[in-house]
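# A closer look at the structure
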Amino acid sequence: MSVASTRHGGSRSLDRLLPFVLLPVALVALGPVTRLLLEGVGFGDGFTTTHLSTVLSRPSTGTALKHSLVTAGGGTLLSILIGGAFAFLVALTNIRGKAALVFCLMIPMMIPPQITALAWMQMAGPSSTLLKILGLAPPLGSPQPLHSAGGIILLLGIQHASLVFLTLRAGLRMIPADLVEAARMSGAGSLRVWAQIVLPLSMPSLIAGGAMAFVTALGNFGIPAMLGIPAQYDTLPTLIYQRLVGMGPSVLPEVAVLALLIGVVAIIGVLFGRYVLARRGFGLAGLSAQPLSLLLGKARLPVEIALWVFIFVILALPLTALLATSLLPAYGVALTLESATFEAWREVLLHQPVTRRAYGNSLFLALSAAAILLVISLPLAWLMERRGSWASRALDALIDLPYALPGVVLSIACILTFLNLPFTDLTLYGTIWIILMAYLARFFVVMLRPIQASIAQLDPAMEEAAASVGAGLGRRLRDIVLPLAAPSAAAGAILVFLTAVNELTVSALLWSSGTETLGVVIYNLEDSGETVMASALAMSIVLLIVLLMGLVQAGAKQFPKGVIPWQS
Amino acid sequence: MAELGFSNVSKQFDGAPALQGIDATIRSGEFVALLGPSGCGKTTLLRLTAGFDQPTAGEIRLDDQVVAGHGRFVAPEAREIGIVFQSYALWPHKSVFANVAYPLEVRGVPRAARRARVAEALALTGLTAYGDRMPAQLSGGQRQRVALARCLVFEPRAVLLDEPLANLDLALRASMQEVFSMFHRRTGATMVYVTHDQGEALALADRVAVMESGKIRQFAAPEVLYREPADCFVAGFVGDGAVVSARLTGKTRGECMVLDVLGQEVRARSRTATPTHVSIRPEAITLSDSAMLRARVTNCTYLGGRFRLSLDAAGETLVAFSSCRAAIGEGVGMSIDDVWAFHDPDHEVRVTGMPSYA
Ligand SMILES: Nc1ncnc2c1ncn2[C@@H]1O[C@H](COP(=O)(O)OP(=O)(O)O)[C@@H](O)[C@H]1O
Ligand SMILES: [Mg+2]
């Protein structure tokens, strides 16, 4: 009993200490955003609204806001069209090869936007390697058609179609099959059932998915940066970027106002989406026993062909174009079997110090972020599930914020917070640590949610059984909770890694010489005309991503439902 | 082995009482069953004992150590109380051997000693051949045995079992009951066994605590519960028979008092001078054609060796055993003798020929 008593003392104190992880997590995750809010009302130099009024009344602000709304809105409509069509066909009909189709539709979401933009630019325009091979290239000097609002809308639409797809499919799964069967019994054909029963019932999911796509498109930096900046077509994120890069930290108060502006629009979008989703279930209780299955009949093969052709056009063609460019000896040269060379690949992966450094930085950042979040999220998720308090519930509700807010907003928030570390003369600005802090804040939910899901599924009796045989809290977490939550934690860690390794938006504003990330280097290479090297680097990243996605997919059976975003 | 003591233990969930004023002592080495309908608070009492929840009021003692109450709370891992969950709660990522070895691992028992003790526990529960299996590869009964082995391997001061047989089929229940009995004989552990099945409770336990709406109605040996129930609930919940209201006649016959039951004078054993009801077990009824009290047969079922008759006498339903079949609707005569009379707290005492008084 004496041994037991000391062990008991230790575990009780751990139980008391554990809630203190909430504090640093809240500080790292929510501190910067709070700091940004304060900046808007002139925190530091007395409360004032002058910044607010000067920036908001400037014409460039209005134009950028208008451009942001136009491109994000147009992109959203396109996403709804693509994602909606795929979701209805995959969830409702008897087409074949659904898993492969879905996996391919998800790849654009995981590929960083600047790579998407780069790939598409290699497909269209006067220097397109593909078009040259086919002899279809427009004459030199004619404009790149993608450098326009239309180009931005097209790519945003494709990039975020998967968000609409996932939300809508989840909604469609909640429609009980008997509703459809009842309609068929009344004599309604497939198309009628879809238009009169399924579509109205799934409208809220469709709208909510659209809201999500809108918010993400609004915060997208890579696509408008690659396609809009050359055409002097600024959106709010690219305007912020150009101001800050051009003038340095002195314009912080100004860009903070711009960041707040885009943050407000994003929050409105997020809240709208949640509101629609919350009202979704008008009596659609639970999952239907068997999924809906409308027979396509003779139309099945044509539909399947159409879907795969579409996937080919949005995925295979641009990536082939990217690959083709990466094999050129020099940009503008025609690609033939003789001229093809891996010179750019060798240069990028082995010789160029900048790209090698960027690989190192990105891998370091992604690995550290994944590892740190993994270590913190396990006790945190356990705390939220098993020892709910008002503090943990508040954190639970707010921790989505750094992820939902556009990346530029978080970046500006981080610069404001870490430019002068509170109570010291130190600054994190210009070091790699500021990027790491921003990643930690941004990707917290990506790690936390899967672990939370798997702990919620754990029978509490598992832990109680361990307690009753004498295991203290630390041991229980290590011996019981950790192994059982490990598959989800691994999936979460891989997702964090995947998202962080090719992140551009946050690092674009936070990098400095020596702390470049992969996303930044691709953008800079292309910006300085090194398109071939940019393509080689981009292609190597795409391969890495598809490999990692395949790895997660291979372990899919181990994870609780909802852990893998492209499986839901 | 340890004695468990409960003094005035209460538990509320968000203001709703789940346990009220539990007073009980479970002696060292005793096998006690908690019996009661679903929702009466059995699991709650067990979880308070194990330390998974804290009582709202009152005190729980393990031997002379207060483990909960008066601002003291000993965590479950420090109580050395083993528990077998209704869901078994085997750790799915550990093999049978590793599941059973875990309590020893936590205690830092050296590897060799650990192997020996696990082997012993597995042998005792008949699992020697299954050490390498994963829990998912076992049947329900085998999982139950693993849970039991995991619990006995660290020689806990008390073992708590929460409806351990509820998920098993009938044949397995009988054989597992034997395993529990054998386990108790071999280890002499203090055991608290929760069940809603009176057959299980009466068959296994030294003493049974009958619970209802968060209270212990009676805590006694099975034969006492059957012969001398404390109130209407216990009399109706435990054993067969009927509960009928009775009136005092003021007469006595030998050691027993004489009560007016269904208009007849009936000899009754009692511990109170002011009984309100009698518990009439089937053994107390003798069927004979000449008897004064007439009844009508409403049901007749064969129990093997004898018939069980439901009888309607003066609006009350009684139960009697008979050696021969009776037709439904048939009239029979019966005499009642040697019933148990008790005072039900929810009723008033009634006296023949006089106005009732409180
Ligand atoms: N964690 C809890 N939260 C709220 N109410 C509970 C909780 N556990 C039990 N109860 C309530 O306490 C009462 C007793 O429950 P329980 O002890 O599980 O009954 P039994 O095991 O006898 O079926 C029930 O009314 C139940 O709803
Ligand atoms: Mg229970």
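Per-chain numbering applies: the sequence of each chain, read as written, is numbered from 1 onward. Chains carry letters and ligands carry numbers; both start at the beginning, A for chains and 1 for ligands, and go up in the order they are written. Only residues with pLDDT of 70 or above have their local features reported here, since the model is predicted, and side-chain atom pairs are shown and tallied only from 80 upward, although totals for entire chains, interfaces and linings are computed over all residues. Only heavy atoms go into the side-chain values, all of them from the structure, while hydrogens and water stay out.

Per an unreviewed UniProt entry, chain B carries the name ABC transporter ATP-binding protein and comes from Paracoccus onchidii.

In the nomenclature of an unreviewed UniProt entry, chain A is known as Iron ABC transporter permease of Paracoccus onchidii. Turning to chain A, the UniProt annotation filed under Sequence similarities (unreviewed entry) states: "Belongs to the binding-protein-dependent transport system permease family." UniProt positions are given in the numbering used here, feature names are shortened, and annotations may be inferred rather than shown by experiment.

Helix and strand counts for chain B come out as 8 helices and 22 strands. Viewed in the frame of its principal axes, chain B has a C-alpha envelope of about 75 × 50 × 40 Å. What makes two residues a contact is simply this: any of their non-hydrogen atoms within 4.5 Å. Here the analysis covers contacts within chain B between residues at least 6 apart in sequence; of these, 66% occur between residues at least 24 apart. Note on areas: Shrake-Rupley with a 1.4 Å probe; residue coverage comes only from the protein chains shown. Here chain B displays about 15500 Å² of accessible surface, and carbon together with sulfur accounts for 49% of that area. Runs of H or I in DSSP of at least four residues are treated as helices and runs of E of at least two as strands, each being numbered from the N terminus.

The helix and strand inventory of chain A stands at 26 helices and 0 strands. Using a 1.4 Å probe on the protein chains alone, a residue whose accessible area is under 20% of its type maximum counts as buried, one over 50% counts as exposed, and one in between counts as partly exposed. For chain A, with 568 residues in total, the buried portion stands at 54%. Looking at chain A alone, contacts between residues at least 24 apart form 80% of all its contacts between residues at least 6 apart. Entry remark: accessible area of chain A is about 23300 Å², with carbon and sulfur atoms responsible for 70%.

Let us now look at the packing of helix H16 (residues 343-351) of chain A against helix H17 (residues 353-386) of chain A. Residue and element names in this part refer to chain A. Axes here refer to lines fitted to C-alpha atoms; in helices the fit is confined to the stretch in contact. Angles between the N-to-C directions go from 0 to 180 degrees. Where H16 meets H17, the closest approach of the two axes is 6 Å, and the angle between their N-to-C directions is 60 degrees. When the axes of H16 and H17 are compared, the pair comes out oblique. Residues Glu347, Val348, Leu349, Leu350 and His351 of H16 form the contact with H17, whose own contacting residues are Pro353, Thr355, Arg356 and Tyr359. Residue classes follow a fixed rule: Ala, Val, Leu, Ile, Met, Phe, Trp, Tyr, Cys and Pro count as nonpolar, while Asp, Glu, Lys and Arg count as charged, and any other residue, Gly among them, counts as polar. Class assignment for the residues of the contact of H16 with H17 results in 5 nonpolar, 2 polar and 2 charged. For classification purposes, angles smaller than 35 degrees are called roughly parallel, those larger than 145 roughly antiparallel, those between 65 and 115 roughly perpendicular, and all remaining angles oblique.

Turning to the domain arrangement of chain B, a few remarks are in order. Where each domain begins and ends is defined by an automated method or by a domain database. Here the domain parsing of chain B yields domain 1 (4-227) and domain 2 (240-342). Computed over C-alpha atoms, the centres of domain 1 of chain B and domain 2 of chain B are 39 Å apart.

Moving on: the pairing of strand E9 (residues 190-195) of chain B. Residues and elements named next belong to chain B. With 6 of its 6 residues buried, E9 lies for the most part within the structure. Of the strand pairs in this sheet, strand E8 (residues 158-162) and E9 are connected by 5 bridges, and their pairing is parallel. In the strand pairing of E9, Asp162 is matched with Val194. Once the chain exits E8 it traverses helix H5 (residues 170-187) before rejoining the sheet at E9, and the crossover so formed is right-handed. Any two strands with at least two DSSP bridges between them are considered paired. Every crossover in which the path from the first strand over the helix to the second runs clockwise, viewed with the strands pointing away from the viewer, is termed right-handed.

Quick look at the sheet that holds E8 of chain B now. Strands in a sheet are paired, the pairing made by backbone hydrogen bonds, and the direction either parallel or antiparallel. All names here are of chain B. Strand order in this open sheet of 6 strands is E7-E8-E9-E3-E10-E11, and the pairing throughout is mixed. Each edge of the open sheet is held by one strand with a lone partner, namely strand E7 (81-84) and strand E11 (215-220). Taken over all neighbouring pairs, the strand axes of this sheet differ in orientation by 20 degrees on average, direction set aside. Relative to E11, strand E10 (residues 207-212) runs antiparallel, the two being bridged by 5 bridges. Pairing of Glu212 across the sheet is with Lys215, part of E11. In this fold helix H1 (residues 42-50) packs onto strand E3 (31-35), E7, E8, E9 and E10, with an angle of close to 150 degrees to the strand it touches most, E8.

Turning our eyes to something else, we now look at the packing of helix H23 (residues 473-501) of chain A against helix H26 (residues 531-554) of chain A. Residues and elements named next belong to chain A. Interaxial distance between H23 and H26 falls to 10 Å at its minimum, and their mutual angle equals 165 degrees. Taken together, the axes of H23 and H26 are roughly antiparallel relative to one another. When you trace H23 past H26, the crossing you get is left-handed. For the pair H23 and H26, contact is made by Ile494, Phe497 and Leu498 and by Ile545, Leu548, Met549 and Val552, respectively. Tallied by class, the residues present in the contact of H23 with H26 amount to 7 nonpolar, no polar and no charged. Crossing handedness follows the turn of the near helix against the far one: under a right angle anticlockwise gives a left-handed crossing, and clockwise gives a right-handed one.

Residues and elements named next belong to chain B. Close to ligand 1 lie Phe13, Ala18, Ser38, Gly39, Cys40, Gly41, Lys42, Thr43 and Thr44, which account for all nearby residues. For the purposes of these results, a polar contact is taken to be a pair of N or O atoms within 3.5 Å, where, inside protein, one atom must be able to donate a hydrogen and its partner to accept one; residues adjacent in sequence count only when each atom of the pair is a side-chain atom. With respect to ligand 1, the backbone of Cys40 contributes an N or O atom lying 3.2 Å from an oxygen atom. A distance of 2.9 Å is found between an oxygen atom of ligand 1 and a backbone nitrogen or oxygen belonging to Lys42. Out of a free accessible area of 560 Å², ligand 1 has 54% covered by protein chains. Among the elements that take part in the shell around ligand 1, H1 stands out by supplying 3 residues, more than any other. Its residues assigned to classes, the shell around ligand 1 comprises 3 nonpolar, 5 polar and 1 charged. Nearness here has a simple test: a residue counts as near a molecule or strand if at least one of its heavy atoms is within 4 Å of that partner.

Basic side-chain nitrogens of Lys or Arg form a salt bridge, by our definition, when they fall within 4 Å of a carboxyl oxygen of Asp or Glu. Summed over all chains, the structure comprises 24 salt bridges over all chains. The salt bridge involving Arg475 of chain A is made with Asp479 of chain A; its shortest N-O contact spans 3.1 Å. Here Arg475 of chain A and its partner Asp479 of chain A are both found in helix H23, 4 residues apart, which amounts to about one turn of the helix. Judged by relative accessible area, which is 9%, Asp479 of chain A ranks as buried. Glu77 of chain B is the salt-bridge partner of Arg476 of chain A, the closest N and O atoms lying 3.3 Å from each other. Of the two residues, Arg476 of chain A is situated in helix H23 and Glu77 of chain B in the loop between strand E6 (72-73) and E7; the pairing between them involves two chains. Exposure remark for Glu77 of chain B: the relative accessible area of 3% places this residue in the buried category. One network of salt bridges, in which partners are shared, links Arg475, Arg478 and Asp479 of chain A together with Glu105 of chain B.

As a further point, take the packing of aromatic side chains. Aromatic rings from Phe, Tyr and Trp, with only the six-membered ring used for Trp, were paired whenever their centres fell within 6.5 Å, and each pair was classed as stacked if the ring planes differed by under 30 degrees, edge-to-face if by over 60, and tilted otherwise. Summed over all chains, the structure comprises 12 aromatic pairs over all chains. Here Tyr241 of chain A and Tyr523 of chain A contribute two aromatic rings whose centre-to-centre distance is 6.0 Å and whose plane-to-plane angle is 85 degrees, an arrangement assigned as edge-to-face. A residue pair is termed long-range when its members are at least 10 positions apart, and Tyr241 of chain A in helix H13 (residues 236-247) and Tyr523 of chain A in helix H25 (residues 518-527) qualify at 282 residues. Tyr523 of chain A carries the same exposure label as Tyr241 of chain A, and that label is buried. Their ring planes at 75 degrees and their centres at 5.7 Å tell us that Phe180 of chain B and Tyr193 of chain B sit as a pair that is edge-to-face. Here Tyr193 of chain B lies in strand E9 and Phe180 of chain B lies in helix H5, a separation of 13 residues in the sequence. The exposure class of Phe180 of chain B is buried, given its relative accessible area of 0%. On the accessibility criterion, Tyr193 of chain B (0% relative accessible area) is buried. Here a set of aromatic residues connected by ring pairs shows up, and it is made of Phe221, Tyr241 and Tyr523 of chain A. Consider the ring centre and the ring normal. A charge sits over the ring if Lys NZ or Arg CZ is within 6 Å of that centre and within 35 degrees of that normal. If you follow Arg207 of chain B out to its NZ or CZ, it ends over the ring of Phe219 of chain B, 4.0 Å from the centre. Between Arg306 of chain B and the ring centre of Phe321 of chain B, over which it is positioned, the NZ or CZ distance is 3.7 Å.

Taken together, the contact pairs 28 residues of chain B with 25 residues of chain A. Both faces combined, the contact of chain B with chain A buries some 2200 Å², and carbon together with sulfur accounts for 61% of it. Inspection of the chain B/chain A interface yields 3 salt bridges. Between Glu464 of chain A and Arg47 of chain B there is a salt bridge whose closest N-O contact spans 2.7 Å. Linking chain B with chain A are 8 residue pairs in polar contact (both at pLDDT 80 or more), by the criterion used here. For the side of chain B that touches chain A, the secondary structure elements donating two or more residues are E7 and helix H2 (96-106) of chain B. Per-element tally for the side of chain B that touches chain A: the top contributor is H2 of chain B, with 4 residues. By convention, the term buried area covers the 1.4 Å-probe accessible surface removed from two parts as they join, with the contributions of both added.

Right, let's talk about the pairing of strand E5 (residues 65-69) of chain B for a bit. All names here are of chain B. E5 sits mainly inside the fold: 4 of its 5 residues count as buried. Across 3 bridges, strand E4 (residues 57-62) lies against E5 in antiparallel orientation. In the strand pairing of E5, Ile60 is matched with Ala68. What sits between E4 and E5 in their antiparallel hairpin is a turn of 2 residues, with Asp63 showing a positive phi close to 50 degrees. Sheet topology note: the E5/E6 ladder contains 2 bridges and is antiparallel. Within E6, the position partnered with Gly69 by the bridge is Arg72. Linking E5 to E6, which pair antiparallel, is a turn of 2 residues; within it His70 sits at a positive phi near 55 degrees.

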